[in-house]
Amino acid sequence: KRTLPNEAKERQSMNSQNVVLVSTSGFNAPNHIARYSFYGKLFSAAISYAEHPKEAGFDECFILSAQHGLIEMGELVKSDLAFRRMELHDRMSWCRSVVKSLREHGYHSSTFVTLVGTGPHINTLAAYLRRVGYTIIVPLKGKGLKMESQISWLREHTDTEAALVGGLARLVVRRLKLAARSQL
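Let us look at the structure shown here. (Residues numbered from 1 in each chain as written. Predicted model: local features only at pLDDT ≥ 70, side-chain atom pairs only at ≥ 80, totals over all residues. Heavy atoms only, no water.)

Points about helix α6 (residues 147-156)
Because the α-helix completes a turn every 3.6 residues, residues three or four places apart line up on one side. For clarity, the threshold we go by: In this scheme, a residue with accessible area under 20% of its type's maximum is buried, one over 50% is exposed, and one in between is partly exposed, where area comes from a 1.4 Å probe on protein chains only. Secondary structure elements follow DSSP: runs of H or I of four or more residues count as helices, runs of E of two or more count as strands, with numbering from the N terminus. It is the directions from the helix axis to the C-beta atoms whose arc is reported. Contact between two residues is taken to exist if any of their heavy atoms lie within 4.5 Å; hydrogens are not considered.
Buried residues of α6: Gln150, Ile151, Trp153 and Leu154, and no others. For α6, the angular spread of the buried residues around the axis is 160 degrees, confining them to a single face. The secondary structure elements touched by the buried residues of α6 are α3 (41-51) and β8 (112-116).

Some details on the pairing of β8
Put simply, the rule is: A strand pair is defined by DSSP finding two or more bridges across the two strands.
A large share of β8 lies buried, amounting to five of its five residues. Burial along β8 is two-sided: the residues Phe112, Thr114 and Val116 and Val113 and Leu115 are all buried. As paired elements, strand β1 (residues 18-23) and β8 share five bridges and run parallel to each other. Counterpart to Leu21 in the pairing with β8 is Leu115. Pairing analysis gives three bridges linking β8 to strand β9 (residues 135-137), with the strands arranged parallel. When the bridges of β9 are listed, Val113 appears paired with Ile136.

Things to note about the environment of Gly69
Relative to the helices and strands, Gly69 is located in strand β6 (residues 69-72). In the structure, Gly69 is positioned 28 residues away from Ser97 in sequence and 6.3 Å away in space, judged by C-alpha atoms. Discounting chain neighbours no more than four positions away, the residues touching Gly69 are Ile63, Leu64, Trp94, Ser97 and Val98.

Remarks on the environment of Val116
Within the secondary structure, Val116 is located in strand β8. Sequence spacing of Val116 and Phe43 is 73 residues, and the spatial spacing of their C-alpha atoms is 9.2 Å. In contact with Val116, not counting residues within four places along its chain, are Val20, Leu21, Val22, Ser23, Ala46, Tyr49, Pro139, Leu140 and Leu154.

Some details on the packing of helix α4 (residues 88-104) against helix α5 (residues 120-131)
Our working rule: Only the contacting stretch of a helix is used when fitting its axis, a line to C-alpha atoms as for every element, and angles between N-to-C directions run 0 to 180 degrees. Relative orientations are named as follows: roughly parallel for angles under 35 degrees, roughly antiparallel for angles over 145 degrees, roughly perpendicular for angles from 65 to 115 degrees, and oblique for any other angle. By definition, turning the near helix anticlockwise from the far helix through less than a right angle yields a left-handed crossing, and turning it clockwise yields a right-handed one. Gly is placed with the polar residues, together with every amino acid not listed as nonpolar (Ala, Val, Leu, Ile, Met, Phe, Trp, Tyr, Cys and Pro) or charged (Asp, Glu, Lys and Arg).
Direction vectors running N to C along α4 and α5 enclose 55 degrees, while the axes themselves pass 9 Å from each other. As far as their axial angle goes, α5 and α4 are oblique. The two elements α4 and α5 meet at a crossing, and its hand is right-handed. Residues Leu88, Arg91, Met92, Trp94, Cys95, Arg96, Val98, Val99 and Leu102 of α4 form the contact with α5, whose participating residues are Pro120, His121, Thr124, Leu125, Tyr128, Leu129 and Arg131. Looking at the contact of α4 with α5 residue by residue, the class counts come to eleven nonpolar, two polar and three charged.

Notes on the side chain of His157
Defined as follows: Under the rule applied, a polar contact is a pair of N or O atoms within 3.5 Å (in protein, one hydrogen donor and one hydrogen acceptor; residues adjacent in sequence only if both atoms are side-chain atoms).
As for its position among the elements, His157 is in the loop between α6 and α7 (160-183). Accessibility expressed as a relative area gives 14% for His157, which makes it buried. One polar contact links the side chain of His157 to the main-chain carbonyl oxygen of Trp153, over a distance of 2.8 Å.

Encoded structure:
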């Protein structure tokens, strides 16, 4: 029998809001819906985990963009920048914009925020969110720097059956949209 991590148990018992923020990684395909705009093995595994976790589910999933801050899964993304190019003062400004967006979406300091990603921007954001009162969970922290280890952890904690069904449904929708466009 699977047991929930302490954070997931706490979220369920408190009946609090629970959001997941997935950091972009890999490449960006401009002028696409955010959910499909970024590609790479790590990003795909992170999105599957965010959409279909084995443990406690999330109320909402957002994508963390270096250029745009917090973006919705269905938002159109024209382009993006790389997090590795952000200096500390840029990261702090970016953190403030992410918190502002969270609050605009109704997620205040009583919200549990799960950050899926690694790197200086995630560390800075986690510290900033804690400082302004959010409860933070960073599941990939301590999983090593190797991308394959992170992907493996995400896959182990994803409901693969639900992710497969969701992926097939998205593929069917995408093909139907392409067929409709070609008939125009």
